[in-house]
Amino acid sequence: MKTVRKASVFLMLICLIASSCGRKTPVEPAWIDYSDTVYWYSQGDESHKADVFYVYPTVSTISYTDNGSSWYADITLPEVREEANGNQRFNQMLYGEYNFYAPYYRQMIFEAYQQPQDSLEKIAAFAADDINDAFQYYMEHFNHGRPFFLMGHSQGSQMLIELLKHGMTAEQRQQMVAAYCIGYHVTAEELAKYPEALKPATDSLMQGLVIFNSVTDPSAMSMVSEGDVVGINPTTWTWTSDTIPVEFHHGMAKYNDNRDSVLIVPCPTRTFLYNHTTVCPDLDPEMVFIPAYEVMFPKGNLHFADSWLFGGNVLENMRCRLKALNQ
């Protein structure tokens, strides 16, 4: 799993952003029974004509340090599931015009990245298996033939890419409108190895894989986008390197003052694509800057904003791709 090798330092750092606390190591079941509603944040309501299957990024702050025998967030614990809920609540509101399906999964936690490489690959595969199991349950019991979007950010996108590579059938890929794997990367080696599973979308209408990462300056690029060969400019949904005027940025997503709805608000910036990373030269480089992590995410790296920074563009593009699929 080449993506695990490239992402190991990156994901370790994401986990460090939240503080850790000691806790008894959980007893892990061999598999998660996704027929149990406790393992779903949302199972949709089937009131819309298309679905979103959403996988959240690294959110676990719970550390199992007493004997080092567990490397996953224990989703059998209510407090662990609650850690994911803030992120999922925001995205359920953002994608409210679709049926929203969001499983909990045993995502990798910080201590996993201290393990030898062969162990780390097995740990990542274990987490990806949860997403595959949840997706297959969703397809069998909830989807009922509707078109669907895959949506993720960071570790969530990593798991969706593994699903695309190893878990989806050709028929399921035909139902998929697009896989928005935000804040991650796909290498040339992966494209060559999985040509049918990883088909990048190169315009605003085609089915396929959609990836983007953003910075305010090319010097702020980081490991999250290293080696990426499919990143697209989300203001035009093209691979052009031309500078795109501010009018093409259709707003970022943010909570309203009461945090009971998500709004699309102006965030004007020109954009251009550099090595498949979207550069936003008019945004404040301190926008989501954390000084403690500037070695990995230098000032101007916008990874922590990617999932909402282009919210208006993503919503409009989802409608366009769905319409094109239905024609």
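Just so we're clear, the structure is a prediction, and the values are computed from it rather than from any experiment.

About the thresholds
Residues numbered from 1 in each chain as written. Predicted model: local features only at pLDDT ≥ 70, side-chain atom pairs only at ≥ 80, totals over all residues. Heavy atoms only, no water. Helix = DSSP H or I, 4+ residues; strand = E, 2+ residues; numbered from the N terminus. Buried < 20%, exposed > 50% of the residue type's maximum accessible area, 1.4 Å probe, protein only. Contact = heavy atoms within 4.5 Å. Areas by Shrake-Rupley, 256 points an atom, 1.4 Å probe, with all protein chains shown as cover. Polar contact = N/O pair within 3.5 Å; in protein donor to acceptor, adjacent residues only side chain to side chain. Pairing = 2+ DSSP bridges. Axes fitted to C-alpha atoms, helices over the stretch in contact; angles between N-to-C directions. Salt bridge = Lys/Arg side-chain N within 4 Å of Asp/Glu carboxyl O. Phe/Tyr/Trp six-rings, centres within 6.5 Å; stacked < 30°, edge-to-face > 60°. pLDDT = per-residue confidence, 0-100. Expected span 1.5 Å × (residues − 1). Bend = angle between axes of the 7 residues up to and from the residue. Core = buried A, V, L, I, M, F, W, Y, C linked by side-chain atoms within 4.5 Å.

K.L.:
Run through the overall build of the protein, naming residues and quoting values.
P.N.:
Helix and strand content of the protein: eight helices and 13 strands. A buried classification covers 56% of the 327 residues belonging to the protein. The contacts in the protein between residues at least 6 apart in sequence include a share of 78% that link residues at least 24 apart. As presented, the protein carries roughly 13,300 Å² of accessible surface, and 52% of it is formed by carbon and sulfur atoms.

K.L.:
Give a description of the environment of Tyr255 that names residues and reports values.
P.N.:
Take Tyr255: it is sitting in strand 10 (residues 252-255). Given the relative accessible area of 14%, Tyr255 is considered buried. Considering only alpha carbons, one finds Tyr255 and Met93, 162 residues apart in sequence, at a separation of 9.2 Å. The contacts of Tyr255, once residues within four sequence positions are left out, are Gly86, Arg89, Phe90, Met93, Ser261 and Val262. Only 3.4 Å separates the side chain of Tyr255 from the side chain of Arg89, close enough to count as a polar contact. Here Phe90 takes part through its backbone nitrogen, which lies 3.4 Å from a polar atom of the side chain of Tyr255.

K.L.:
Can you lay out the sheet that holds strand 3 (residues 51-55) for me, pointing to particular residues and giving the numbers?
P.N.:
A sheet is described by the order of its strands in space; here six strands give the open sequence 2-5-3-6-7-8, paired in mixed fashion. Each of the sheet's edge strands pairs with one partner strand only, and the pair in question is strand 2 (40-43) and strand 8 (208-210). Sheet twist, expressed as the average angle between the axes of neighbouring strands with direction ignored, equals 20°. As defined by bridge partners, strand 2 adjoins strand 5 (residues 99-103) across three bridges and the pair is classed as antiparallel. Following the sheet pairing, Ser42 is matched in strand 5 by Ala102. Its contacts with the sheet place helix 8 (residues 311-326) against strand 3, strand 6 (148-153), strand 7 (176-182) and strand 8, and it is angled at close to 155° to strand 7.

K.L.:
Provide a residue-level description of the pattern of salt bridges, including the pertinent values.
P.N.:
In the structure shown here, the tally under the stated rule is nine salt bridges. For the salt bridge of Lys165 with Glu190, the shortest nitrogen-to-oxygen distance reads 3.0 Å. Of this pair, Lys165 sits in helix 4 (residues 155-166) while Glu190 sits in helix 6 (residues 188-193); the two residues are 25 residues apart in sequence, bridging distant segments of the chain. Residue classification places Lys165 among the buried positions, given a relative accessible area of 12%. Connected through salt bridges with shared partners, the residues Glu46, Asp51 and Arg146 form a single ionic network.

K.L.:
So what about the pairing of strand 10? Which residues, and what values?
P.N.:
Where strand 10 meets strand 11 (residues 262-265), four bridges bridge the pair, whose relative direction is antiparallel. Of the residues in strand 11, the one forming a bridge with Tyr255 is Val262. Hairpin connection from strand 10 to strand 11: six residues lie between these consecutive antiparallel strands, with Arg259 at a positive phi of about 60°.

K.L.:
I'd like to hear about the sheet that holds strand 13 (residues 277-279), residue by residue, with values.
P.N.:
Strand order in this open sheet of three strands is 9-13-12, and the pairing throughout is mixed. Both outer strands of the open sheet, strand 9 (214-215) and strand 12 (272-274), are each paired with one neighbouring strand and no more. Sheet topology places strand 12 next to strand 13; three bridges connect them, and they run antiparallel. The partner of Phe272 across the bridge, within strand 13, is Val279.

K.L.:
Lay out the packing of aromatic side chains in plain terms, naming residues and giving numbers.
P.N.:
The description of two aromatic rings rests on the distance between their centres and on the angle between their planes. Here the structure, examined in full by the defined rule, presents 21 aromatic pairs. Their ring planes at 20° and their centres at 5.5 Å tell us that Tyr101 and Phe142 sit as a pair that is stacked. In this pair, Tyr101 sits in strand 5 while Phe142 sits in helix 3 (residues 117-143), placing the two residues 41 residues apart along the sequence. Given a relative accessible area of 0%, Tyr101 falls into the buried group.

K.L.:
Could you give me a rundown of the confidence of the model for the protein, with the residues and numbers involved?
P.N.:
In this model, the protein carries a mean pLDDT of 88, and residues with pLDDT of at least 70 account for 86%. Under a pLDDT of 50 for its full length, residues 1-27 has, in the predicted model, 87 contacts with residues more than four places off or in other chains.

K.L.:
Tell me what's going on with helix 2 (residues 78-94), and back it up with residues and numbers.
P.N.:
Look at helix 2: 24 Å from first C-alpha to last across 17 residues, which is about the 24 Å you get at 1.5 Å a residue. Along helix 2, the largest kink reaches about 35° and is centred on Asn85. Among all positions of helix 2, only Val80, Arg81, Ala84, Asn85, Gln88, Phe90, Asn91 and Leu94 are buried.

K.L.:
Break down the nonpolar core for me, with residues and values.
P.N.:
In terms of nonpolar packing, the biggest core is built from 85 residues, with Phe53, Tyr95, Phe149, Leu150, Tyr180 and Met318 touching the most fellow members. Ranked by residue count, the leading element in this core is helix 3, at 10 residues.

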